[in-house]
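Here is how the chains run, residue by residue.
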Protein chains: 2
Amino acid sequence: MIKPNFRHKIGDRLVATAVAQDYQTGEVLMVAFIDEEAYTKSIETGYVHYYSTSRKSVWYKGETSGHTQKIKEIFFDCDEDAIVFKVEQLGGACHTGHYSCFYTRISPDSMTKTETQNMVFNPDEVY
Amino acid sequence: MIKPNFRHKIGDRLVATAVAQDYQTGEVLMVAFIDEEAYTKSIETGYVHYYSTSRKSVWYKGETSGHTQKIKEIFFDCDEDAIVFKVEQLGGACHTGHYSCFYTRISPDSMTKTETQNMVFNPDEVY
(Lines give C-alpha, C1' and ligand atoms only; values in the text may rest on other atoms or scores of the structure.)
Protein backbone atom coordinates (compact mmCIF):
# COMPACT_ATOMS: atom_id res chain seq x y z
CA MET A 1 0.00 0.00 0.00
CA ILE A 2 1.26 3.46 -0.93
CA LYS A 3 1.23 5.67 2.17
CA PRO A 4 1.89 9.34 2.82
CA ASN A 5 4.88 10.60 4.76
CA PHE A 6 3.79 10.74 8.42
CA ARG A 7 6.46 13.22 9.35
CA HIS A 8 4.78 15.76 11.65
CA LYS A 9 5.16 14.88 15.30
CA ILE A 10 2.10 15.96 17.32
CA GLY A 11 2.49 14.87 20.92
CA ASP A 12 4.08 11.43 20.61
CA ARG A 13 2.39 10.57 17.30
CA LEU A 14 3.66 10.87 13.73
CA VAL A 15 0.95 12.25 11.47
CA ALA A 16 0.21 13.79 8.09
CA THR A 17 -2.33 16.56 7.54
CA ALA A 18 -5.67 15.55 6.00
CA VAL A 19 -8.15 17.81 4.23
CA ALA A 20 -11.67 16.63 3.39
CA GLN A 21 -13.16 18.36 0.38
CA ASP A 22 -16.66 17.92 -1.11
CA TYR A 23 -16.06 15.91 -4.28
CA GLN A 24 -18.73 17.80 -6.22
CA THR A 25 -18.47 21.45 -5.07
CA GLY A 26 -14.83 21.58 -3.94
CA GLU A 27 -15.88 23.07 -0.58
CA VAL A 28 -13.31 22.39 2.15
CA LEU A 29 -15.18 20.53 4.88
CA MET A 30 -12.58 19.99 7.58
CA VAL A 31 -8.87 19.72 8.28
CA ALA A 32 -7.41 17.25 10.76
CA PHE A 33 -4.48 14.88 11.29
CA ILE A 34 -4.13 11.27 10.19
CA ASP A 35 -1.70 8.64 11.42
CA GLU A 36 -0.70 5.38 9.78
CA GLU A 37 -3.42 3.33 11.47
CA ALA A 38 -6.16 5.83 10.51
CA TYR A 39 -4.88 6.00 6.93
CA THR A 40 -4.85 2.20 6.60
CA LYS A 41 -8.41 1.95 7.98
CA SER A 42 -9.52 4.68 5.57
CA ILE A 43 -8.20 2.73 2.60
CA GLU A 44 -9.52 -0.61 3.82
CA THR A 45 -13.05 0.68 4.54
CA GLY A 46 -13.40 3.44 1.93
CA TYR A 47 -14.40 5.91 4.65
CA VAL A 48 -12.19 8.60 6.17
CA HIS A 49 -10.64 7.93 9.58
CA TYR A 50 -8.55 10.58 11.36
CA TYR A 51 -6.22 10.65 14.34
CA SER A 52 -7.71 12.69 17.18
CA THR A 53 -4.95 14.67 18.89
CA SER A 54 -7.22 15.38 21.89
CA ARG A 55 -8.42 11.79 22.42
CA LYS A 56 -5.08 10.36 21.19
CA SER A 57 -6.82 7.68 19.18
CA VAL A 58 -8.06 6.79 15.72
CA TRP A 59 -11.42 8.32 14.98
CA TYR A 60 -13.87 6.95 12.43
CA LYS A 61 -15.48 10.16 11.21
CA GLY A 62 -19.26 9.84 11.56
CA GLU A 63 -19.18 6.79 13.84
CA THR A 64 -21.48 8.51 16.38
CA SER A 65 -23.42 10.86 14.11
CA GLY A 66 -23.68 8.73 10.99
CA HIS A 67 -22.16 11.67 9.10
CA THR A 68 -19.50 9.66 7.34
CA GLN A 69 -17.14 10.71 4.55
CA LYS A 70 -17.09 8.25 1.66
CA ILE A 71 -13.81 8.49 -0.23
CA LYS A 72 -14.14 9.33 -3.92
CA GLU A 73 -10.57 10.42 -4.74
CA ILE A 74 -7.26 10.74 -2.89
CA PHE A 75 -4.45 13.19 -3.63
CA PHE A 76 -1.03 13.58 -1.99
CA ASP A 77 0.91 16.82 -2.10
CA CYS A 78 4.44 17.19 -3.47
CA ASP A 79 6.22 16.12 -0.28
CA GLU A 80 3.51 13.58 0.57
CA ASP A 81 2.87 14.86 4.09
CA ALA A 82 -0.60 16.22 3.28
CA ILE A 83 -3.62 14.43 1.80
CA VAL A 84 -6.77 15.71 0.15
CA PHE A 85 -9.69 13.31 0.39
CA LYS A 86 -12.46 14.18 -2.06
CA VAL A 87 -15.49 12.80 -0.28
CA GLU A 88 -19.21 12.34 -0.36
CA GLN A 89 -20.25 13.88 2.96
CA LEU A 90 -23.38 12.48 4.60
CA GLY A 91 -25.24 15.00 6.79
CA GLY A 92 -22.70 17.64 7.84
CA ALA A 93 -18.99 17.48 8.57
CA CYS A 94 -19.13 19.74 11.63
CA HIS A 95 -20.28 18.71 15.11
CA THR A 96 -21.96 22.15 15.33
CA GLY A 97 -24.52 21.17 12.67
CA HIS A 98 -22.84 23.02 9.80
CA TYR A 99 -22.04 21.28 6.52
CA SER A 100 -18.42 22.51 6.67
CA CYS A 101 -16.34 23.33 9.75
CA PHE A 102 -15.16 26.50 7.94
CA TYR A 103 -18.33 28.52 8.55
CA THR A 104 -16.59 31.47 10.23
CA ARG A 105 -15.56 34.18 7.83
CA ILE A 106 -12.87 36.59 9.04
CA SER A 107 -12.77 40.06 7.52
CA PRO A 108 -9.59 40.78 5.51
CA ASP A 109 -8.32 43.07 8.30
CA SER A 110 -9.08 40.32 10.89
CA MET A 111 -11.26 42.65 12.90
CA THR A 112 -14.64 40.92 12.55
CA LYS A 113 -16.09 37.42 12.33
CA THR A 114 -19.26 36.43 10.48
CA GLU A 115 -21.05 33.08 10.53
CA THR A 116 -21.63 32.22 6.88
CA GLN A 117 -23.57 28.96 6.66
CA ASN A 118 -26.92 27.56 7.46
CA MET A 119 -27.18 24.52 9.66
CA VAL A 120 -27.83 21.17 7.98
CA PHE A 121 -28.73 19.28 11.17
CA ASN A 122 -29.51 19.91 14.82
CA PRO A 123 -26.58 18.70 16.95
CA ASP A 124 -28.88 18.16 19.95
CA GLU A 125 -30.72 15.49 17.97
CA VAL A 126 -27.58 13.78 16.66
CA TYR A 127 -25.15 13.59 19.59
CA MET B 1 -6.77 41.53 15.59
CA ILE B 2 -8.74 38.27 15.66
CA LYS B 3 -6.32 35.35 15.52
CA PRO B 4 -6.71 31.60 15.22
CA ASN B 5 -5.87 29.19 18.00
CA PHE B 6 -2.19 28.27 17.53
CA ARG B 7 -2.50 25.08 19.51
CA HIS B 8 -0.51 22.46 17.57
CA LYS B 9 3.05 22.14 18.77
CA ILE B 10 5.41 21.28 15.92
CA GLY B 11 8.98 21.17 17.19
CA ASP B 12 9.12 24.11 19.60
CA ARG B 13 6.57 26.24 17.72
CA LEU B 14 2.83 26.66 18.24
CA VAL B 15 1.02 26.66 14.92
CA ALA B 16 -2.35 26.36 13.23
CA THR B 17 -2.93 24.51 9.96
CA ALA B 18 -3.37 26.65 6.84
CA VAL B 19 -4.98 25.63 3.56
CA ALA B 20 -4.69 27.77 0.43
CA GLN B 21 -7.59 27.36 -1.96
CA ASP B 22 -8.07 28.98 -5.37
CA TYR B 23 -10.74 31.63 -4.77
CA GLN B 24 -12.39 31.01 -8.14
CA THR B 25 -12.22 27.24 -8.74
CA GLY B 26 -12.02 25.94 -5.15
CA GLU B 27 -8.94 23.87 -6.02
CA VAL B 28 -6.81 23.14 -2.95
CA LEU B 29 -3.36 24.53 -3.75
CA MET B 30 -1.28 23.66 -0.70
CA VAL B 31 -1.42 22.85 3.01
CA ALA B 32 1.14 24.12 5.50
CA PHE B 33 1.51 25.51 9.01
CA ILE B 34 1.22 29.09 10.20
CA ASP B 35 2.42 30.64 13.43
CA GLU B 36 1.38 33.90 15.04
CA GLU B 37 4.08 35.97 13.32
CA ALA B 38 3.24 34.53 9.88
CA TYR B 39 -0.47 35.11 10.45
CA THR B 40 0.08 38.72 11.49
CA LYS B 41 2.26 39.37 8.44
CA SER B 42 -0.37 37.76 6.20
CA ILE B 43 -3.05 40.13 7.52
CA GLU B 44 -0.81 43.21 7.42
CA THR B 45 0.40 42.61 3.84
CA GLY B 46 -2.63 40.86 2.30
CA TYR B 47 -0.38 38.01 1.08
CA VAL B 48 -0.09 34.58 2.68
CA HIS B 49 2.93 33.87 4.89
CA TYR B 50 3.52 30.42 6.41
CA TYR B 51 5.78 28.97 9.07
CA SER B 52 8.32 26.62 7.55
CA THR B 53 8.85 23.67 9.87
CA SER B 54 12.04 22.67 8.02
CA ARG B 55 13.64 26.14 7.99
CA LYS B 56 12.05 27.05 11.36
CA SER B 57 11.15 30.52 10.14
CA VAL B 58 8.38 32.61 8.65
CA TRP B 59 8.12 32.16 4.92
CA TYR B 60 6.60 34.73 2.58
CA LYS B 61 5.08 32.44 -0.05
CA GLY B 62 6.37 33.52 -3.47
CA GLU B 63 9.21 35.69 -2.16
CA THR B 64 11.75 33.91 -4.41
CA SER B 65 9.51 32.78 -7.29
CA GLY B 66 7.12 35.72 -7.43
CA HIS B 67 4.30 33.17 -7.13
CA THR B 68 2.47 34.93 -4.34
CA GLN B 69 -0.95 34.20 -2.86
CA LYS B 70 -3.13 37.30 -2.61
CA ILE B 71 -5.73 36.87 0.12
CA LYS B 72 -9.35 37.18 -1.04
CA GLU B 73 -11.20 35.58 1.88
CA ILE B 74 -10.29 34.01 5.24
CA PHE B 75 -12.21 31.29 7.08
CA PHE B 76 -11.55 29.69 10.47
CA ASP B 77 -12.84 26.24 11.36
CA CYS B 78 -15.05 25.49 14.38
CA ASP B 79 -12.21 25.17 16.88
CA GLU B 80 -10.20 27.92 15.19
CA ASP B 81 -7.01 25.89 14.79
CA ALA B 82 -7.27 25.64 10.99
CA ILE B 83 -7.55 28.41 8.40
CA VAL B 84 -8.67 28.42 4.79
CA PHE B 85 -7.21 31.26 2.76
CA LYS B 86 -9.08 31.76 -0.51
CA VAL B 87 -6.38 33.25 -2.69
CA GLU B 88 -5.48 34.55 -6.09
CA GLN B 89 -2.45 32.41 -6.97
CA LEU B 90 0.14 33.98 -9.26
CA GLY B 91 2.05 31.43 -11.37
CA GLY B 92 1.85 28.11 -9.55
CA ALA B 93 1.71 27.19 -5.88
CA CYS B 94 4.13 24.27 -6.14
CA HIS B 95 7.91 24.48 -6.36
CA THR B 96 7.71 21.60 -8.89
CA GLY B 97 6.02 23.86 -11.45
CA HIS B 98 2.50 22.57 -10.87
CA TYR B 99 -0.38 24.93 -10.15
CA SER B 100 -1.37 22.91 -7.07
CA CYS B 101 0.87 20.80 -4.84
CA PHE B 102 -1.85 18.09 -4.92
CA TYR B 103 -1.00 16.76 -8.38
CA THR B 104 -0.49 13.13 -7.31
CA ARG B 105 -3.62 11.06 -7.48
CA ILE B 106 -3.64 7.85 -5.44
CA SER B 107 -5.91 5.03 -6.58
CA PRO B 108 -8.71 4.19 -4.09
CA ASP B 109 -6.90 0.98 -3.09
CA SER B 110 -3.64 2.98 -2.61
CA MET B 111 -1.77 0.73 -5.00
CA THR B 112 -0.91 3.23 -7.75
CA LYS B 113 0.02 6.90 -8.17
CA THR B 114 -0.77 9.05 -11.19
CA GLU B 115 0.47 12.58 -11.91
CA THR B 116 -2.65 14.55 -12.82
CA GLN B 117 -1.67 18.09 -13.74
CA ASN B 118 0.19 19.94 -16.40
CA MET B 119 3.04 22.21 -15.43
CA VAL B 120 2.36 25.95 -15.37
CA PHE B 121 6.03 27.00 -15.15
CA ASN B 122 9.51 25.55 -15.47
CA PRO B 123 11.12 25.41 -12.02
CA ASP B 124 14.61 25.58 -13.53
CA GLU B 125 13.79 29.05 -14.85
CA VAL B 126 12.22 30.29 -11.61
CA TYR B 127 14.47 29.05 -8.78
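Residues numbered from 1 in each chain as written. Chains lettered and ligands numbered in written order. Predicted model: local features only at pLDDT ≥ 70, side-chain atom pairs only at ≥ 80, totals over all residues. Heavy atoms only, no water.

Along its length, chain A carries two helices and nine strands. Written out in order from the N terminus, the α and β elements of chain A read β-β-β-α-β-β-β-β-β-β-α. Rg of the C-alpha trace for chain A: 15 Å, near the compact-globule value of 14 Å for 127 residues, within the 12% margin. With respect to the principal axes defined by its C-alpha atoms, chain A has extents near 40 × 35 × 30 Å. Counting every position in chain A, which comprises 127 residues, the buried fraction comes to 54%. Within chain A, counting contacts between residues at least 6 apart in sequence, those at least 24 apart form 40% of the total. Surface summary for chain A: the accessible area is close to 5,700 Å², and the carbon and sulfur share equals 45%. Across chain A, the 13 positively charged side chains and the 18 negatively charged ones have centroids separated by 3 Å. (Helix = DSSP H or I, 4+ residues; strand = E, 2+ residues; numbered from the N terminus. Rg over C-alpha atoms; globule rule 2.2 N^0.38 Å. Buried < 20%, exposed > 50% of the residue type's maximum accessible area, 1.4 Å probe, protein only. Contact = heavy atoms within 4.5 Å. Areas by Shrake-Rupley, 256 points an atom, 1.4 Å probe, with all protein chains shown as cover. Lys, Arg positive; Asp, Glu negative; His and termini not counted. Charge placed at Lys NZ, Arg CZ, Asp CG, Glu CD.)

Contacts between the two partners involve 44 residues from chain B and, on the opposite side, 44 residues from chain A. Overall, the association of chain B and chain A removes approximately 3,600 Å² of surface from exposure, summing both partners, and the carbon and sulfur fraction of that is 63%. Interface area lost by chain B to chain A is led by B:Ile2, B:Cys78 and B:Phe102, which between them contribute 16%. Remark: the boundary between chain B and chain A carries four salt bridges. At the junction of chain B with chain A, the criterion picks out 16 residue pairs in polar contact (both at pLDDT 80 or more). (Buried area = accessible area lost by both parts, 1.4 Å probe. Salt bridge = Lys/Arg side-chain N within 4 Å of Asp/Glu carboxyl O. Polar contact = N/O pair within 3.5 Å; in protein donor to acceptor, adjacent residues only side chain to side chain.)

If you check which residues of helix H1 (residues 36-45) of chain B are buried, you get B:Ala38, B:Tyr39, B:Thr40, B:Ser42 and B:Ile43. Within two residues after H1(B), B:Gly46 carries a phi angle of roughly 85 degrees, on the positive side.

This brings us to the nonpolar core. Grouped together as the largest cluster of nonpolar side chains are 40 residues, with contacts concentrated most on A:Ile34, A:Tyr39, A:Ile74, A:Phe85 and A:Phe102. Sort the elements by how many residues they give to this core and strand E3 (residues 28-34) of chain A lands first, with six residues. If we ignore the near neighbours within four places in the chain, the residues touching A:Tyr39 are A:Met1, A:Ile2, A:Lys3, A:Pro4, A:Phe6, A:Ile34, A:Phe76, A:Ile83, A:Phe85, B:Ile106 and B:Ser110. Within the second largest apolar cluster, 26 residues are counted, among which are B:Ala16, B:Ala32, B:Tyr50 and B:Cys94. (Core = buried A, V, L, I, M, F, W, Y, C linked by side-chain atoms within 4.5 Å.)

Moving on: the pattern of salt bridges. The full count for this structure, using the stated rule, is 16 salt bridges over all chains. Notably, a salt bridge pairs A:Asp35 with A:Arg13, separated by 2.8 Å at the nearest N-O pair. Pair noted here: A:Asp35 is in the loop between E3 and helix H1 (36-45) and A:Arg13 is in strand E2 (residues 13-22), with a separation of 22 residues, a long-range link. Take A:Arg13: its relative accessible area is 28%, and that puts it in the partly exposed class. One salt bridge in this structure joins B:Asp81 and B:Arg7, with 2.8 Å as the shortest N-O distance. Of this pair, B:Asp81 sits in the loop between strand E6 (69-76) and strand E7 (82-89) while B:Arg7 sits in the segment before strand E1 (8-10), and the two are 74 residues apart along the sequence.

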